[in-house]
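Summary of the model geometry
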Amino acid sequence: MIKSTLLKAVHAGAEQLQNYFGKKFTISHKEGINNLVTEADHASEKAIIETIKKDFPAHIILGEESGEIISSSDIKWIVDPIDGTVNFAHGIPLCCVSIAVEKQGEIFMGAVYNPLLNELFFAEKGFGATLNENKISVSDQTQVIKSCLVTGFPYTYLDMPNGPLNVFEKLIRQGIPVRRLGSAAIDLCWVAAGRFDGFYEHKLEAWDSAAGYLIVEEAGGKVTDFEGNKFSPYQPHILATNGKIHDELRSYVDKNNF
Ligand code: IPD
Ligand code: CA
Ligand code: CA
């Protein structure tokens, strides 16, 4: 039942992305001038929340745009109505709906859907990860120097000693390709699908990473914080790899190496 509600919810949100994509819509700004929220973010979140509430009125829902709907349930839905809003606002089809489901603090199911590329990633703890219902797995690259990586940049905190620019520079100076797609949920799913060998980012929120984290792990990858600890979506740092390059890539983001 949770799986079918999750799939209904990502599709309900995605329908809004498709309705608004490439059209005129209102855009407002959050903290920074380029930190955007559009009419479509609100419409997607509304459709998702309605879908979840219809089936599970007592569950907790944490939505990026509406905050947390609190209740005494031990199940929490973590919702990013559009991950990649800046792409969406510019007509770049790299954006998605991301929803994770958590029970007693553990993420056990997640879905990330990019309706513009028609790519639906799904994972359930212990049952593997899929892309459009076909099993996916991480790459088998063993060396960072031969890897294709992806990252993202926050709007602030760029210049910390082991900050986003420092780490990026270190990798780029060695000629390692590091892409920047603008959607952390898609970055994670593309690691899960073996398109990228690794992803790191310095400042994510739970709704950016929760679903993609489970999808990477279920595809055979590894996800930790920058110290190598078990990943929690409630802290900002993420390092997600195929597992084989994890320790080596971790040495690039480790604050002790700066
Ligand atoms: C953003 C994207 C981006 C990441 C930002 C996030 P949003 O989410 O995931 O890749 O670099 O930190 O805020 O605002 O498009 O939902
Ligand atoms: Ca996001
Ligand atoms: Ca968002």
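Everything numeric in this text was worked out from a predicted model, so none of it was measured. (Residues numbered from 1 in each chain as written. Chains lettered and ligands numbered in written order. Predicted model: local features only at pLDDT ≥ 70, side-chain atom pairs only at ≥ 80, totals over all residues. Heavy atoms only, no water.)

**Quick look at the coordination of the calcium ion (ligand 2)**
Under the convention used in this document: Only nitrogen, oxygen and sulfur atoms qualify as donors, provided they sit within 2.8 Å of the metal or within 3.2 Å for Na, K and Ca; with water excluded from the atoms, sites may seem incomplete. Helix and strand assignments come from DSSP, with helices taken as H or I runs of at least 4 residues and strands as E runs of at least 2, each series counted from the N terminus. Here the term buried applies to any residue with accessible area under 20% of the maximum for its type, exposed to any over 50%, and partly exposed to those in between, with areas from a 1.4 Å probe on protein chains only.
Surrounding the calcium ion (ligand 2) are the protein donor atoms Asp80 (OD), Asp83 (OD) and Asp208 (OD), which sit 2.1 to 2.2 Å from the metal. The motif formed by the donor residues of the calcium ion (ligand 2), counted along the single chain, is D-x2-D-x124-D. For the pair the calcium ion (ligand 2) and the calcium ion (ligand 3), the metal-to-metal distance amounts to 3.7 Å, and Asp80 bridges them. Of this pair, Asp80 sits in strand 5 (residues 75–83) while Asp208 sits in helix 6 (residues 206–218), placing them 128 residues apart in sequence. Asp208 gets classed as buried once you look at its relative accessible area, which sits at 11%.

**Looking at the coordination of the calcium ion (ligand 3)**
Expected angles at a metal are 109.5 degrees for tetrahedral coordination by four donors and either 90 or 180 degrees for octahedral coordination by six donors. Ligation of the calcium ion (ligand 3) by protein atoms is provided by Glu64 (OE), Asp80 (OD) and Ile82 (O), these donors lying 2.2 to 2.3 Å from the ion. As a motif over one chain, the donors of the calcium ion (ligand 3) read E-x15-D-x1-I.

**Regarding the pairing of strand 6 (residues 96–103)**
The two faces of the sheet receive side chains in turn, since in a regular strand these alternate between them. The following threshold applies: Criterion used throughout: strands pair if DSSP finds at least two bridges between them.
Of all eight residues that make up strand 6, seven are buried, and the element is covered over most of its length. Two strands pair when backbone bridges link them, and strand 5 and strand 6 are joined in this way by seven bridges, in the antiparallel orientation. The residue of strand 6 that forms the bridge with Asp83 is Cys96. Alignment of strand 6 against strand 7 (residues 106–114), held across seven bridges, turns out to be antiparallel. Residue Ile99 lies in a different strand from strand 7, and its bridge partner there is Ala111. Between strand 6 and strand 7, which follow one another and run antiparallel, lie two residues, and Gln104 among them has a positive phi close to 45°.

**Details of the packing of helix 1 (residues 2–20) against helix 2 (residues 39–55)**
Quick reminder of the rule: Each axis is a line fitted through C-alpha atoms, and for a helix only the stretch in contact is used; angles between axes span 0 to 180 degrees, taken between their N-to-C directions. For classification, angles of less than 35 degrees are called roughly parallel, those exceeding 145 degrees roughly antiparallel, those between 65 and 115 degrees roughly perpendicular, and all remaining angles oblique. It is the rotation of the near helix from the far one that decides the hand of a crossing: anticlockwise by less than a right angle makes it left-handed, clockwise makes it right-handed. By definition in these notes, contact holds between two residues if any of their heavy atoms fall within 4.5 Å. Residue type decides the class: Asp, Glu, Lys and Arg count as charged, Ala, Val, Leu, Ile, Met, Phe, Trp, Tyr, Cys and Pro as nonpolar, and the leftover types, Gly among them, as polar.
Two numbers describe how helix 1 lies on helix 2: the axes approach to 8 Å, and their chain directions differ by 155°. Viewed along their axes, helix 1 and helix 2 adopt a mutual orientation that is roughly antiparallel. Considering the relative orientation of helix 1 and helix 2, their crossing is right-handed. Facing helix 1, whose interface residues are Thr5, Lys8, Ala9, Ala12, Gly13, Gln16, Leu17 and Tyr20, helix 2 presents Glu39, Ala40, Ala43, Ser44, Ala47, Ile48, Thr51, Ile52 and Asp55. When grouped by side-chain class, the residues that make up the contact of helix 1 with helix 2 number nine nonpolar, five polar and three charged.

**What about the site of ligand 1?**
Note the following rule: If even one non-hydrogen atom of a residue comes within 4 Å of a molecule or strand, that residue is called near it. The term polar contact refers here to a pair of N or O atoms within 3.5 Å; inside protein, the definition further demands a hydrogen-donor-capable atom paired with an acceptor-capable atom, and it admits residues adjacent in sequence only when both atoms are side-chain atoms. A 1.4 Å probe and the Shrake-Rupley method give the accessible areas. Residues count as covered only by the protein chains that appear here. For each structure, a 1 Å grid was placed over the protein atoms alone; sets of points admitting a 1.4 Å probe that cannot get out are labelled cavities, open sets with protein on both sides within 12 Å along at least five of seven lines are labelled pockets, and lining residues have an atom within 4 Å of a point. For this analysis, a molecule is said to be in a pocket or cavity if more than half of its atoms are within 2 Å of the grid points defining it. Domain start and end points were adopted from an automatic or database domain assignment.
For ligand 1, the set of nearby residues contains 14 residues, the closest of which are Asp83, Gly84, Thr85, Ala184 and Glu201. Interatomic distance of 2.5 Å between a side-chain N/O atom of Glu201 and an oxygen atom of ligand 1. At a separation of 3.5 Å, an oxygen atom of ligand 1 approaches a polar side-chain atom of Asp208. Relative to its unbound accessible surface of 380 Å², ligand 1 loses 88% to contact with the protein. When each cavity is represented as a set of grid points, ligand 1 is found to reside in the largest pocket. In terms of residue count, strand 5 provides more of the shell around ligand 1 than any other element does, three residues in total. Here the shell around ligand 1 spans two domains, and each of domain 1 (2–135) and domain 2 (144–257) adds at least three residues to it.

**Some words on the sheet that holds strand 9 (residues 129–131)**
With respect to topology, eight strands assemble into an open sheet ordered 4-3-5-6-7-8-9-10, the strand pairing being mixed. Of all the strands in the sheet, the pair left with one neighbour each is strand 4 (67–69) and strand 10 (134–135). The pairing of strand 3 (residues 60–63) with strand 5 spans four bridges and is parallel. Each bridged residue has a counterpart across the sheet, and for Gly63 the counterpart in strand 5 is Val79. Where helix 6 meets the sheet, it contacts strand 3, strand 5, strand 6, strand 7, strand 8 (119–124) and strand 9, and its direction lies at approximately 100° from that of strand 7.

**Observations regarding the nonpolar core**
Test applied: Note on terminology: a nonpolar core comprises buried Ala, Val, Leu, Ile, Met, Phe, Trp, Tyr and Cys residues joined through side-chain atoms within 4.5 Å.
By size, the foremost hydrophobic cluster in this structure holds 39 residues, and its most contacted members are Ile78, Val112, Phe121, Ile136, Trp190, Phe199 and Ile215. Listing elements by their share of this core, those giving two or more residues are strand 6, strand 7, strand 8, strand 9, helix 5 (184–192), helix 6 and strand 15 (238–241). Each residue touching Phe121, except ones within four places of it in the same chain, is listed here: Gly110, Ala111, Val112, Thr130, Leu131, Ile136, Cys189, Trp190, Ala193, Arg195 and Ile215. Core analysis: the next-biggest nonpolar cluster, separate from the first, contains 30 residues, Leu6, Leu17, Ile48 and Ile99 among them.

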